[in-house]
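# Analysis of the macromolecular model
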Amino acid sequence: RDYLREELSLVRSAVPTSSRREEYLALERNGRAIRFDEGTRRLVLESLLLYEETMLAGGMLDELSLTLTVLPHLPKLHALPPELGFRCLLIDEFQDLSTRDLALLRRIAANKENSLFLAGDTVQRILVKDLRLGAVGFDIINSSWEKIKKNYRNSKQILKAASHLANKYG
């Protein structure tokens, strides 16, 4: 049951709803231990449709619902003047986001250079989601990667660290 729920999360985070059938059947399921043939993948897609219909009928949301709800409106976000976007965003625990989450957040930050500060540890991923930084257009090769030696544990400490970063690099 848990493995199937994780698979549904992977599908929803990896491919747009409009092209889900074709793209999921071709998707390389990196990090997944159980191989799914085409027939099993079709069953997963049918289960996913039932899952999403049940959520809609019951007025429920899960961790991917907000992104999936906003993504169809992405062209409208692109039409917004850049000055209405945030200058920068600090994203903690980015390893639990998806490729599609980051695409949306990147647009909210107006696609400016150095507008996203991602903090996290990819070894500590909790959720099974598709996360490909290159697919969002991040220049991974030329990005600045820093090892943070102090572990910030609560909101006050995290906000204080963000304030220091904004003051130094703002």
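The coordinates are above.
Right, let's walk through the structure included here. (Residues numbered from 1 in each chain as written. Predicted model: local features only at pLDDT ≥ 70, side-chain atom pairs only at ≥ 80, totals over all residues. Heavy atoms only, no water.)

## Here's the deal with the overall build of the protein
For the protein, the count of helices and strands is 7 helices and 2 strands. Overall, the protein shows an N-to-C arrangement of helices and strands of α-α-α-α-α-β-α-β-α. Oriented by its inertia axes, the alpha-carbon framework of the protein measures out at about 55 × 40 × 35 Å. For the protein, buried positions account for 32% of its 170 residues. Considering only contacts within the protein whose residues lie at least 6 apart along the sequence, 69% involve residues at least 24 apart. For the protein, the accessible area works out to roughly 11,900 Å², and carbon and sulfur atoms hold 57% of it. (Helix = DSSP H or I, 4+ residues; strand = E, 2+ residues; numbered from the N terminus. Buried < 20%, exposed > 50% of the residue type's maximum accessible area, 1.4 Å probe, protein only. Contact = heavy atoms within 4.5 Å. Areas by Shrake-Rupley, 256 points an atom, 1.4 Å probe, with all protein chains shown as cover.)

## Overview of the packing of aromatic side chains
Tallied over the full model, the rule gives 1 aromatic pair. Between the aromatic rings of Tyr3 and Phe36, the centroid separation amounts to 6.0 Å while the plane-to-plane angle is 80°, which identifies the pairing as edge-to-face. Of this pair, Tyr3 sits in helix α1 (residues 2-14) while Phe36 is found in the loop between α2 (20-26) and α3 (38-58), placing the two residues 33 residues apart along the sequence. We classify Phe36 as buried; its relative accessible area is 12%. In this arrangement the basic side chain of Arg29 is found over the ring face of Phe36, its NZ or CZ atom lying 4.2 Å from the centre. Lying across the ring of Tyr3, Arg32 places its NZ or CZ 3.8 Å from the centre. (Phe/Tyr/Trp six-rings, centres within 6.5 Å; stacked < 30°, edge-to-face > 60°. Lys NZ or Arg CZ within 6 Å of the ring centre and 35° of its normal.)

## Things to note about the side chain of Ser9
Mapped onto the elements, Ser9 comes out in helix α1. Here Ser9 falls in the buried class, since its relative accessible area comes to 8%. Once residues within four sequence positions are removed from consideration, Ser9 is found in contact with Glu63, Leu64, Val128 and Lys129.

## Quick look at the side chain of Gln95
Position of Gln95 among the secondary structure elements: in the loop between β1 (89-92) and α6 (99-108). Gln95 gets classed as buried once you look at its relative accessible area, which sits at 0%. There is a polar contact of 2.6 Å between the side chain of Gln95 and the side chain of Glu93. At 3.0 Å, the side chain of Gln95 and the backbone nitrogen of Asp121 are in polar contact. (Polar contact = N/O pair within 3.5 Å; in protein donor to acceptor, adjacent residues only side chain to side chain.)

## Describing the pairing of β1
Residues Leu89 and Ile91 line the buried face of β1, whereas the alternating positions Leu90 and Asp92 sit on a face that is not buried. Where β1 meets strand β2 (residues 116-119), 4 bridges bridge the pair, whose relative direction is parallel. Bridging across to β2, Ile91 finds its partner in Leu118. (Pairing = 2+ DSSP bridges.)

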